[in-house]
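# Report on the structure
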Amino acid sequence: NVAFFKGVRVFAQSHPNDGKVEVLTVSREMKFRQRLLAAVKARKGSHLPHPHLSSRQLTNDRFHFSRPLPIFVDGKKVGISKELRISVVADAINIYIPGDHK
């Protein structure tokens, strides 16, 4: 739920704590060279629109893949699956760190 991925602003309309997840879809028809060019353009913030790239915001969705794919959360691999279900629960947790108490 961030506008930036690896230091690159990928989602221009993303806002922290908006209760949405941003999803970037890359079409299978997009050639390798086009993917490289899009990666370079992403650094400049000019990668969208592109006919083979689409982005959207969602709060709930289910994705089905033709083969098992690695699933990453916050840059860490958490498993492999042919299905991914996403449900955003806004403000689901608050963390408070107390000061030094003696």
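Residues numbered from 1 in each chain as written. Predicted model: local features only at pLDDT ≥ 70, side-chain atom pairs only at ≥ 80, totals over all residues. Heavy atoms only, no water.

### Observations concerning the pairing of strand 6 (residues 76-87)
Applicable threshold: Three labels apply to residues, based on accessible area from a 1.4 Å probe with only protein chains included: buried if under 20% of the type maximum, exposed if over 50%, partly exposed otherwise in between. A run of H or I in DSSP counts as a helix once it spans at least four residues, and a run of E counts as a strand once it spans at least two, with each numbered from the N terminus. Only strands joined by at least two bridges in the DSSP assignment are considered to pair.
Little of strand 6 is tucked away: 1 of the 12 residues are buried. Where strand 5 (residues 60-73) and strand 6 come together, 10 bridges link them in antiparallel fashion. The partner of R62 across the bridge, within strand 6, is R85. In this structure, the hairpin formed by strand 5 and strand 6 is closed by a connection of 2 residues, where D74 is found at a positive phi of approximately 50 degrees.

### Some remarks on the pattern of salt bridges
Going by this rule: In the sections that follow, a salt bridge refers to a side-chain nitrogen of Lys or Arg positioned within 4 Å of a carboxyl oxygen of Asp or Glu.
Tallying each qualifying case throughout the model produces 2 salt bridges. The residue R56 makes a salt bridge to D61 at a minimum N-O spacing of 3.1 Å. The partner of E83 in a salt bridge is R85, with the nearest N and O atoms 3.3 Å apart. Of the residues examined, R85 reaches a relative accessible area of 57% and is grouped as exposed.

### Notes on the side chain of S27
Condition: For the purposes of these results, a polar contact is taken to be a pair of N or O atoms within 3.5 Å, where, inside protein, one atom must be able to donate a hydrogen and its partner to accept one; residues adjacent in sequence count only when each atom of the pair is a side-chain atom. Should any heavy atoms of two residues lie within 4.5 Å, those residues are counted as being in contact.
Within the fold, S27 resides in the loop between strand 3 (21-26) and helix 1 (32-44). Among the polar contacts listed, one links the side chain of S27 to the side chain of E29, at a separation of 2.4 Å. Not counting residues within four places of it along the chain, the set of residues in contact with S27 comprises R35 and H52.

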